[in-house]
Amino acid sequence: MEKKNIDWANLGFSYIQTDFRFVANYKNGAWDEGALTEDANVVINECACVLQYAQTVFEGMKAYTTADGRIVTFRPDLNGERMEQSAKRLEMPVFPKDKFVEAVLKTIRANEAYVPPYGSGATLYVRPFLFGSNSVIGVKPAEEYQFRVFTTPVGPYFKGGVKPLTIRVSDFDRAAPRGTGHIKAGLNYAMSLYAIMDAHKQGYDENMYLDASTRTKVEETGGANFLFVTKDGKVVTPKSDSILPSITRRSLMQVAREYLGLEAEEREVYADELKDFAECGLCGTAAVISPVGKVVNHGNEICFPSGMNQMGPVTQKLYDTLTGIQMGTIKAPEGWVVEV
Ligand code: PLP
Ligand code: COI
């Protein structure tokens with residue numbers, strides 16, 4: 001398959017339209033079979049539930065070219081499961097996990113010419129999503145839905161690749177206790193837009209959100225979970241019911257224990273403890289692991305000993321092992337890497 005003529009090494013994280021997307025429709029209580037289409041546009045009524053009441057959930061995944069030239073994706077079953085959970089929380093019909101994985105693989109296969117080559121630093125980002133499509137004016141769930149999967153080739157999420165980030169403790173909250181922080185709903189991102197624009201205006205790369213009820217505990221950023229490394233080399237990640245259960249983070253905790261022989265602990269992390277950590281990183285599909293060099297908490301600068309020039313040594317090992325597994329140079333745990 002001939003690849004598209006794209007400058008893979010200089011891609012940012014932005015949308016480039018590819019040739020095919022998968023579309024399935026839900027009507028009269030059932031999903032149709034779904035099919036690939038070349039039409040990238042969605043035509044819906046002005047009063048569609050997604051437009052009026054933000055009834056939409058999504059997923060984010062990637063396709064990789066391995067060192068030996070295969071195209072693979074990473075733990076798609078977990079994205080399928082998470083989308084089921086997200087759909088239930090917003091009163092949407094579940095698009096079954098098996099069909100989800102099938103649709104993702106089919107869409108990647110159809111866009112093979114856009115899967116960046118091994119070693120280019122780029123990947124094919126895959127965006128499955130589900131939304132209420134019929135008109136609804138009283139506040140209630142839609143009766144008709146559309147599930148779609150599109151792809152777009154991407155480079156690093158943060159400009160500057162793996163240069164350590166500077167983030168601030170946000171005065172805005174991302175998610176309420178017993179709210180929707182644990183699912184991947186568009187509404188969580190809509191309400192973070194003001195905060196991220198404000199952070200950028202003030203010169204920060206991202207926001208560190210705290211728990212909304214006590215504002216003492218670290219939650220996550222707008223698009224990634226946190227990982228910390230203690231001065232004695234233990235990996236720590238915040239435990240909270242109002243953060244997204246990141247598949248990257250769950251995988252990294254297992255990598256830390258089983259590949260690197262490190263202790264890895266999920267527990268509540270207090271903002272007051274930040275100064276005690278040796279390393280900090282953001283982890284997610286888009287972020288991979290992006291190192292954080294500095295957190296600013298209302299004028300108080302917390303500089304991690306790993307510094308502002310490179311990833312900390314443990315973060316680097318986690319990054320190398322995870323990306324090695326994804327790109328096929330390190331043996332993956334059973335079921336993690338799925339060939340397209
Ligand atoms: N947290 C938020 C808010 C996200 O949007 C994402 C991205 O998906 C993550 C965490 C990381 O999750 P994952 O590793 O499953 O991509
Ligand atoms: C992802 O990592 O897939 C996300 O959805 C995060 C978003 C900030 C792009």
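Preceding this paragraph is the structure being described.
Residues numbered from 1 in each chain as written. Chains lettered and ligands numbered in written order. Predicted model: local features only at pLDDT ≥ 70, side-chain atom pairs only at ≥ 80, totals over all residues. Heavy atoms only, no water.

A. Region of the structure containing unusual backbone geometry. Despite not being glycine, Arg178 shows a phi value in the positive range, around 65 degrees. Looking at where Arg178 falls in the secondary structure, it is placed in the loop between β9 (165-169) and α4 (186-190). Despite not being glycine, Val288 has its phi angle at roughly 55 degrees, a positive value. Along the polypeptide, Val288 turns up in strand β15 (residues 288-297). (Helix = DSSP H or I, 4+ residues; strand = E, 2+ residues; numbered from the N terminus.)

B. Seen up close, the site of ligand 1. Taken together, 17 residues form the shell around ligand 1, and within it Tyr189, Glu220, Ser246, Thr248 and Thr285 come nearest. At a separation of 2.8 Å, an oxygen atom of ligand 1 approaches a polar side-chain atom of Arg82. A distance of 2.5 Å is found between an oxygen atom of ligand 1 and a side-chain nitrogen or oxygen belonging to Thr248. Here ligand 1, which alone exposes 380 Å², has 97% of that area covered by the protein. Of all the elements in the fold, those that place two or more residues in the shell around ligand 1 are α6 (247-258) and β14 (277-284). (Near = heavy atom within 4 Å. Polar contact = N/O pair within 3.5 Å; in protein donor to acceptor, adjacent residues only side chain to side chain. Areas by Shrake-Rupley, 256 points an atom, 1.4 Å probe, with all protein chains shown as cover.)

C. Fine view of the side chain of Gln146. Its place among the elements puts Gln146 in strand β8 (residues 145-154). At 2.8 Å, the side chain of Gln146 forms a polar contact with the side chain of Asn25. Sequence-distant contacts of Gln146, defined by excluding residues within four places in its chain, comprise Val23, Ala24, Asn25, Trp31, Val42, Phe129, Leu130, Phe131 and Ser133. (Contact = heavy atoms within 4.5 Å.)

D. Geometry of the pairing of strand β11 (residues 225-230). Counting buried residues in β11 gives six out of six residues, a clear majority hidden from the surface. What you see with β11 is no split at all: Asn225, Leu227 and Val229 on one side and Phe226, Phe228 and Thr230 on the other are buried throughout. Across six bridges, β11 lies against β14 in antiparallel orientation. Residue pairing across strands places Phe228 opposite Cys280, the latter belonging to β14. When β11 meets strand β12 (residues 235-238), the two strands line up antiparallel, connected through two bridges. Within β12, the position partnered with Val229 by the bridge is Val235. (Buried < 20%, exposed > 50% of the residue type's maximum accessible area, 1.4 Å probe, protein only. Pairing = 2+ DSSP bridges.)

E. View of the site of ligand 2. Close to ligand 2 lie Phe13, Phe58, Gly60, Tyr125, Arg127, Tyr157, Lys184, Gly223, Thr285 and Ala286. At 3.5 Å from an oxygen atom of ligand 2 is found a main-chain nitrogen or oxygen belonging to Thr285. Taken by itself ligand 2 offers 280 Å² of open surface, and the protein chains cover 90% of this. Here the shell around ligand 2 is composed, by residue class, of five nonpolar, three polar and two charged. (Nonpolar A, V, L, I, M, F, W, Y, C, P; charged D, E, K, R; others polar.)

F. Quick peek at a nonpolar patch on the surface. A cluster of nonpolar side chains, Tyr53, Ile137 and Val139, forms an exposed patch at the surface whose accessible area comes to about 340 Å². On the accessibility criterion, Tyr53 (34% relative accessible area) is partly exposed. (Patch = residues over 30% accessible without salt bridge, like charges linked within 9 Å, V, L, I, M, F, W, Y side chains within 5 Å. Salt bridge = Lys/Arg side-chain N within 4 Å of Asp/Glu carboxyl O.)

G. Structural view of the packing of helix α2 (residues 76-89) against helix α3 (residues 97-110). Running from amino to carboxyl end, α2 crosses α3 at an angle of 125 degrees, the nearest separation of the two axes being 8 Å. In terms of axis orientation, α2 runs oblique to α3. In terms of crossing hand, the pair formed by α2 and α3 is right-handed. Of α3, the residues touching α2 (which contributes Pro76, Asp77, Asn79, Gly80, Glu81, Met83 and Glu84) are Lys97, Phe100 and Val101. Of the residues assigned to the contact of α2 with α3, the class counts are four nonpolar, two polar and four charged. (Axes fitted to C-alpha atoms, helices over the stretch in contact; angles between N-to-C directions. Parallel < 35°, antiparallel > 145°, perpendicular 65-115°, else oblique. Left-handed = near helix turned anticlockwise from the far one by under 90°.)

Note that every value here comes from positions in space, so none of it alone points to a role or purpose.
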